[in-house]
Amino acid sequence: MSETRKAAPIRGKAHKYGDNVDTDVIIPARYLNESEPAALAAHCMEDLDPAFARKVGKGDLIVAGRNFGCGSSREHAPLAIKASGVACVVAESFARIFYRNAINIGLAILECPEAAREAQAGDELELDLAAGKVRNLTKGSEHGAKPFPPFMRSIMEAGGLIEYHRERLARK
Amino acid sequence: MGMTMSQKIIAARAGLPAVEAGDLVEAGVDMALGNDITAPVAIREFRRTGAGAVFDRSRVALVPDHFAPNKDIKSAQQCKAMREFALEMGIEHYFEVGEAGIEHALLPERGLVLPGELVIGADSHTCTYGAVGAFSTGVGSTDLAAAMASGSVWLKVPAAIRFRLAGELGGWASGKDLILHIIGMIGVDGALYRSMEFCGPGVAGLSMDERFTIANMAIEAGAKNGIFPVDRATRSWAASVSGRRYAEYEADADAEYEATVDVDLAAVPPTVAFPHLPSNARPIGEAEGVALDQVVIGSCTNGRIEDLRVAASILRGRRVAKGLRCLVFPGTQKIYLQALREGLVEDIVGAGAVFSAPTCGPCLGGHMGILAEGERALSTTNRNFVGRMGHSGSEVYLASPAVAAASAIAGAICDPAKIADPAGGRAAARPRDGRGGER
Ligand code: SF4
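The rules behind the values
- Residues numbered from 1 in each chain as written.
- Chains lettered and ligands numbered in written order.
- Predicted model: local features only at pLDDT ≥ 70, side-chain atom pairs only at ≥ 80, totals over all residues.
- Heavy atoms only, no water.
- Near = heavy atom within 4 Å.
- Nonpolar A, V, L, I, M, F, W, Y, C, P; charged D, E, K, R; others polar.
- Domains from an automatic or database assignment.
- Pairing = 2+ DSSP bridges.
- Helix = DSSP H or I, 4+ residues; strand = E, 2+ residues; numbered from the N terminus.
- Contact = heavy atoms within 4.5 Å.
- Axes fitted to C-alpha atoms, helices over the stretch in contact; angles between N-to-C directions.
- Buried < 20%, exposed > 50% of the residue type's maximum accessible area, 1.4 Å probe, protein only.
- pLDDT = per-residue confidence, 0-100.
- Disulfide = S-S within 2.5 Å.
- Buried area = accessible area lost by both parts, 1.4 Å probe.
- Salt bridge = Lys/Arg side-chain N within 4 Å of Asp/Glu carboxyl O.
- Polar contact = N/O pair within 3.5 Å; in protein donor to acceptor, adjacent residues only side chain to side chain.
- Phe/Tyr/Trp six-rings, centres within 6.5 Å; stacked < 30°, edge-to-face > 60°.
- Lys NZ or Arg CZ within 6 Å of the ring centre and 35° of its normal.

Draft legend 1. Layout of the site of the ligand. Residue and element names in this part refer to chain B. Around the ligand, the neighbouring residues are His-66, Ile-102, His-104, Asp-123, His-125, Ser-299, Cys-300, Cys-360, Cys-363, Leu-364, Asn-382 and Arg-388. The residue inventory of the shell around the ligand, partitioned by class, reads five nonpolar, five polar and two charged. Each of domain 1 (5-264) and domain 2 (271-429) contributes no fewer than three residues to the shell around the ligand.

Draft legend 2. Representation of the sheet that holds strand S6 (residues 135-138) of chain B in the model. Residues and elements named next belong to chain B. Strand order in the open sheet made by the five strands is S4-S3-S2-S5-S6, with parallel pairing throughout. A single partner strand is all that each edge strand has here, and the edge strands are strand S4 (93-94) and S6. Two strands pair when backbone bridges link them, and strand S2 (residues 31-35) and strand S3 (residues 60-63) are joined in this way by four bridges, in the parallel orientation. Residue pairing across strands places Asn-35 opposite Val-63, the latter belonging to S3. Packed onto the sheet, helix H3 (residues 73-89) meets S2, S3 and S4 and runs at close to 150° relative to S3.

Draft legend 3. Representation of the pairing of S6(B) within the structure. Residues and elements named next belong to chain B. Side chains of S6 alternate between two faces, with Phe-135 and Thr-137 and Ser-136 and Gly-138 buried alike. Pairing of strand S5 (residues 118-121) with S6 involves four bridges; the strand directions are parallel. For Val-119, the partnering residue across the bridge sits in S6 and is Ser-136.

Draft legend 4. Quick look at the environment of B:Glu373. Residue and element names in this part refer to chain B. Its location among the elements puts Glu-373 in the loop between strand S16 (354-355) and strand S17 (376-379). Assessed through its relative accessible area of 60%, Glu-373 is described here as exposed. Sequence-wise, Glu-373 and Lys-334 are 39 residues apart; in three dimensions their C-alpha atoms are separated by 35 Å. Every residue in contact with Glu-373, bar those within four places of it in the chain, is listed here: His-391 and Gly-393.

Draft legend 5. Examining the confidence of the model for chain A more closely. Residues and elements named next belong to chain A. For chain A, the average pLDDT comes to 90, and 95% of its residues sit at 70 or higher. Across chain A, strand S2 (residues 61-64) holds the top mean pLDDT of 98, while helix H1 (residues 2-6) sits lowest at 43. Here residues 1-5 is a poorly scored stretch, pLDDT under 50, and it has 14 contacts once near neighbours within four places are set aside; other chains count.

Draft legend 6. View of the state of the cysteines. On inspection of all chains with the given rule, the structure shows zero disulfides over all chains. B:Cys414 carries a free sulfur, and the closest cysteine sulfur to it, the one in B:Cys326, is 13 Å from it.

Draft legend 7. Structural view of the interface of chain B and chain A. Each side of the interface is counted separately: chain B has 51 residues, and chain A has 46 residues. Here chain B meets chain A over a buried area of about 4,000 Å², counting both sides, of which 55% is carbon and sulfur. At the junction of chain B and chain A, the tally comes to seven salt bridges. Of the charged contacts, one joins B:Glu26 and A:Arg168 as a salt bridge, the two residues approaching to 2.8 Å between their closest N and O atoms. Across the contact surface, chain B and chain A share 24 residue pairs in polar contact (both at pLDDT 80 or more). Of all elements in the fold, only strand S1 (24-28), helix H2 (38-49), H3, S6, helix H5 (141-150) and strand S7 (152-156) of chain B reach the threshold of two or more residues within the side of chain B that touches chain A. A per-class count over the side of chain B that touches chain A returns 21 nonpolar, 16 polar and 14 charged.

Draft legend 8. Here's a closer look at the packing of aromatic side chains. Applying the stated criterion across every chain, the model contains twelve aromatic pairs over all chains. The structure contains a cluster of three or more aromatic residues connected by ring pairs, namely A:Phe68, A:Phe94, A:Phe98, A:Tyr99 and B:Tyr193. Its guanidinium or amino end placed over the ring of B:Phe67, B:Lys71 lies 5.0 Å from that ring's centre, counting from NZ or CZ. Here B:Arg282 stacks its cationic end above the ring of B:Phe274, 3.8 Å away from the centre of that ring.

Draft legend 9. Fine view of unusual backbone geometry. Of the consecutive residues B:Ala68 and B:Pro69, the connecting peptide bond is found in the cis state with omega at -10°. The residue B:Pro69 is located in the loop between S3 and H3 in this model. You will see that A:Asn67, though not glycine, has its phi angle at about 60°, which is positive. Positionally, A:Asn67 belongs in the loop between S2 and helix H5 (76-83). With a phi close to 65°, B:Tyr193 is a non-glycine residue in the positive phi region. For B:Tyr193, the position within the fold is in the loop between helix H6 (175-186) and strand S9 (195-199). Overall, the relative accessible area of 28% leaves B:Tyr193 in the partly exposed class.

Draft legend 10. Fine view of the domain arrangement of chain B. Residues and elements named next belong to chain B. Examined at the domain level, chain B breaks down into domain 1 (5-264) and domain 2 (271-429). Placing the centre of domain 1 and that of domain 2 at their C-alpha centroids yields a distance of 24 Å. Between domain 1 and domain 2, the contact holds 44 residues from the first and 46 residues from the second. For the domain 1 and domain 2 pair, buried surface summed over both sides reaches about 3,400 Å², with 59% attributable to carbon and sulfur atoms. On the surface where domain 1 and domain 2 come into contact, there are one salt bridge. Of all the elements in the fold, those that place two or more residues in the side of domain 1 that touches domain 2 are helix H4 (103-109), H6 and helix H7 (208-216).

As structure tokens, then:
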């Protein structure tokens, strides 16, 4: 994840969804009897958009409304999205467990209400996560997003929560 | 500036004199919980930390409940991975099928969560334990892995919304109706990232079982946690489950709340949440008559003994409607036994309902009661998202055990007052033989 953060801005095509996209539609419980990311990706968004797994391309973006990822704590949801090749999820707001899971596993996310509301399916967006900027190349607009607090950046810079703890354990 | 109850617990466990909303802290964990879905991922991540042992063998709880008893080969593999890890690490609170139950009913029953403690669980309904005045919140598997290795968790200190309860619930209205009513008022992101702190004179009239139900659904309003003050009922409950010492925290008089919501309990009607969000709440009068294929009574929301008593009181001597399937799941083995002793199981089975072993089962569309396309269920569980209990073309309505039982008899959503004693209500939750049951 540290690479995606430090490297050039993310540029991708938007797949657009509404408010309260819950983890039950991101990855239905019937597939939770396993946890291999690739297997989960095959069913990503299945109960909301059955065509998603087929049409999503590497580097694409999910753009959604309020409270994205609400519901269960299943980390399988951000894992499935990440394994689908999605480079970042941009939303008006995120449900809190999804938010922390995404940071912990290294799925880029960005809270930017204006950009999320404005974007339409198929729009080309360019995201600068470090600076907190979203440019809609299709519409020619630009919006500021909330940058991450330093503590979360240190987790992300370590490459995720496990790496962060591994470094700390090694220092002990 | 003063602190809320949640903030005080976080400050204490972070070793800080004070915290403010928005602070990022690392806090010590009194109990870390995982289940058969989330623990296998956490175990994989735990291995990657390089830690050779869990931070404290007595502060990790692992519960196979979602797909257990194993529903298929893949589930069996997941349960096995968890069992072997528990053995290898010497984890004291691993509960095998037969001694277990649904995690959020089980942990409090075993005295593993007491007031003032800080609990995280890789399950969103870990917020249930706020009922006893603990700070408890759901996290992901990677958080659980890190907590098992380090004994700590990173937390953003939440702001809070205060719910001031006055009066008493009337008729068949219960804690479940109250929380559905509140979520209907504030929406599924109405408390996003925040604590829901319940207070006021109305708290005293809520049983511990009802407080568990209410705190359980805080996540359905987007909250980080829901929490109740520690009072006489909490103390006598704590003494009944554990001899451990615990600390009591109270919100400061000048604690800051983002909002205060006043709720008159007497005005809360039996409430039903329509598909596909828990916030689509309507009073029973606007829900009656919706035809049903299945009724489910159980889960970490409403699988406790009082819930079974209320359901049994309505089912006793009546018949489940022809063509409707009624499934009842006790929360734990202990609740199961108590239900047997009180004769509740006989009432339930005698009415033509199924009484099963404790499991999450149908609550998450796991097993033992999956819905087909176009089918409609009313359930005492906590989520009615698209596809939650089965086919993406099925529907789930959420309600209390009383509404569920009455609807099972009627074959359609039904006000319990129309079938059973209109004034009977919450008296039905009292123990039949004078044993157990904290009011
Ligand atoms: S009963 Fe339902 S909501 Fe509760 S822990 Fe099990 S699956 Fe989750």
